[in-house]
Amino acid sequence: GERMVLSMASSAPDIVTYNTLLNIAARAGRPETAEGILDGMIEKSSRDGGGGVKPDVVSFNTVLSAWAKSKNPKGKLRTEQILLRMQEMYENGDTSVRPDRASLTTVITAITSAARSDGSAPIKAERIVDRMEANDELSLRPDVVTYTSLIKCWNESGRPRAADRAEEIVKSLHQRYDDGHAECKPDTLVYNVAMNALAKSDAPNTGERAEALLNRMQDHYYAGDADLAPTTQSFSTAIQAWARSKNPHGATKAEKLLQTMHDLEASGDGNVSPNTIAYSTCILAWRNSRRSDAGERADALLEKMEGYQEKGLTDLKPNAIAYTNAMEAWISSHQSNSLEKVEAILERMIERSKRECEYSESGYSDSAPTTTTINVVMKAIQNSSHPTKHVKAEQLLNRMKQLYEDGDSRVKPNIRTYNIFFSACAMAEGNSENRQAAFSLVVNALIELQDSNHLLPDAYTWPAVWKACQNLLDVKKDFAWINRIFELTIKSGSVNELLFNNMRGFLPPQYLQKKLKTKEDVHQLTVHDLPPEWTCNTKIRRKRKGNQKSHPPRRTNEVQNARSKAQTK
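Please read these numbers as outputs of a predicted model, since none were measured by experiment.

Student: It is not clear to me how the packing of aromatic side chains should be interpreted in this structure. Could you clarify?
Tutor: Two descriptors summarise a pair of aromatic rings, namely the distance from one centre to the other and the angle between the planes of the rings. This structure, assessed with the given rule, holds 8 aromatic pairs. Geometrically, the ring pair formed by Phe479 and Tyr511 is edge-to-face, given 5.2 Å between the ring centres and 85° between the ring planes. Of this pair, Phe479 sits in helix 23 (residues 479–492) while Tyr511 sits in helix 25 (residues 509–516), placing them 32 residues apart in sequence. Overall, Phe479 belongs to the partly exposed group, its relative accessible area being 29%. For Tyr511, a relative accessible area of 11% gives the class buried.

Written as structure tokens, this is what we have:
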């Protein structure tokens, strides 16, 4: 610790020794320790006689950086307080601790870490930059690192203006550099961060705007500016912007950029090389395109990746994300053979991941199916026209549970698995016997949920169950079942607006009036008119007396009991 480092000094510890100690604490992720050392330096040096070592701006900046990089929720507040302390000491005559560009940029970084929960974060960061811009001293003026941090702050905040502001900042950097501010020379990183802001934005034309930034980088680079060399990340980010752009030609544009990456690599450009991320994002673009050929185009890219892997190009091997996105592309294409293609991809995943595990020292494969993958296959079954989709869904759920029981924790069923399963069963077609069989599977799955120690119904579970009731049961013949499901539903306290609409769209109005003890038209009621115990586990806001707490969903065998009662009637 501190004593050991100080004892290693050949003479009395000086500022270099202390700053080294501060840096060790900061790199170890211990901001409290670093600040404690700083406090000790200040206290000892301020005593009569000034026998201690006074901290300098490097000392303070190291502690600021330690707090800014920490995941401690106090980080933003501590950096602001330390900066204020620096300013006060400087105003009292200690010029060695005057805040500089690094100090202020680090505070912006700390503000950025809290931007998701603090909507005013980018405004605070802008004010700091404004004060820096107004300063005549070079050491205090913002540089390209400062502006990059500012874009990150806007990006993390999720504010609608983030993308626009990112473009404005890049433009202003070029202007400030042209005006003689050499510290503001734009570089690849600030462009990549700006394109990332566009890629994450829901603003219009983000694909075109991101590619425009990429083209501007290339123009400067080919004109001799090595600081603006586009990288693999630059292209991948532009591809992501097209993938999320909602532009009907976004996927085609994304694939064109992917081909450009191949062309640049072939030309000997060492900065750009297509990789798994670029391909996976391009497949995502086809998934989001919702074009009728989306599945075919995504699958073609996936097969290319598999071919590259066979040639030993591991940087281009498909992972679970690529496979899953290709499945989603087939689903969105609405082809008659979409389910068949999705199931074929799943089998390829399982087979290839087994081979990879056999030849891998770690025994791990990043192309193995995950819970999300299986859920997407379940979704494909739900959306298919298969005549016995409930049977398909049950087979997949059982396979998933078996894989998990055999030790594959990556395919652990979650509540979304069951919600999609319920929805798939709800869409079963055929005669009454077929529909009864499908509903029986719904009941069995409900029993599993009741018995589970880790799965809790969410806002979509009961609506899916009621959709199954509506589609598979006869309101008169199967009323015993319906009444028991109703009782279980209201006991769960999970009746939200969506669920209430499902229930009153299926149940006889007189039945609901009796349950609600009202003569009013149930179709004129809202979820706020329901008894509190029906909605106590939802996010519905209502004025209640006292300090009522929501109740956890019941963990009983009520579904099993319900089945027994219904079968005896």
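Student: I tried to follow unusual backbone geometry on my own but got confused; where do I start?
Tutor: Leaving glycine out, the prevailing phi sign among residues is negative, and the prevailing peptide bond configuration is trans. With phi around 60°, Asn205 is a residue other than glycine that occupies positive phi space. Looking at the element boundaries, Asn205 is found in the loop between helix 10 (188–199) and helix 11 (206–222). For Asn205, a relative accessible area of 47% corresponds to the partly exposed category. The phi torsion at Lys246 lies on the positive side, around 65°, for a residue other than glycine. Mapped onto the fold, Lys246 is located in the loop between helix 12 (232–243) and helix 13 (250–266).

Student: Hey, could you run me through the layout of surface pockets in this one?
Tutor: It is a probe the size of a water molecule, rolled over the atoms, that shows where empty space is left. The calculated volume of the largest pocket comes to roughly 330 Å³. Gln382, Arg416, Asn419, Ile420 and Ser423 are, among the 16 residues lining the largest pocket, the residues nearest its centre. Secondary structure elements with two or more residues in the lining of the largest pocket: helix 18 (371–383), helix 20 (415–426), helix 22 (461–472) and helix 24 (497–504). A total of 5 residues in the lining of the largest pocket trace back to one element, the largest contributor, which is helix 20.

Student: Help me understand the pattern of salt bridges in this model?
Tutor: Two side chains carrying opposite charge are able to pair once their charged atoms lie near each other. Per the counting criterion, the structure on display carries 34 salt bridges. Close ionic contact of Lys76 with Asp118 constitutes a salt bridge, the shortest N to O distance being 3.9 Å. Note that Lys76 is positioned in helix 5 (residues 75–91) and Asp118 in the loop between helix 6 (101–113) and helix 7 (121–133), a separation of 42 residues in sequence. For Lys76, a relative accessible area of 16% puts it in the buried group. Between Asp408 and Arg410 there is a salt bridge; the shortest N-O distance is 3.3 Å. Linked by salt bridges that have partners in common, Asp299, Glu306, Glu310, Arg348, Arg352 and Arg355 make up one network.

Cut-offs applied
- Residues numbered from 1 in each chain as written.
- Predicted model: local features only at pLDDT ≥ 70, side-chain atom pairs only at ≥ 80, totals over all residues.
- Heavy atoms only, no water.
- Phe/Tyr/Trp six-rings, centres within 6.5 Å; stacked < 30°, edge-to-face > 60°.
- Helix = DSSP H or I, 4+ residues; strand = E, 2+ residues; numbered from the N terminus.
- Buried < 20%, exposed > 50% of the residue type's maximum accessible area, 1.4 Å probe, protein only.
- 1 Å grid on protein atoms, 1.4 Å probe; cavity = no way out; pocket = protein on both sides within 12 Å on 5 of 7 lines; lining within 4 Å.
- Points joined across faces, edges and corners; volume = space filled by probe spheres on them.
- Salt bridge = Lys/Arg side-chain N within 4 Å of Asp/Glu carboxyl O.

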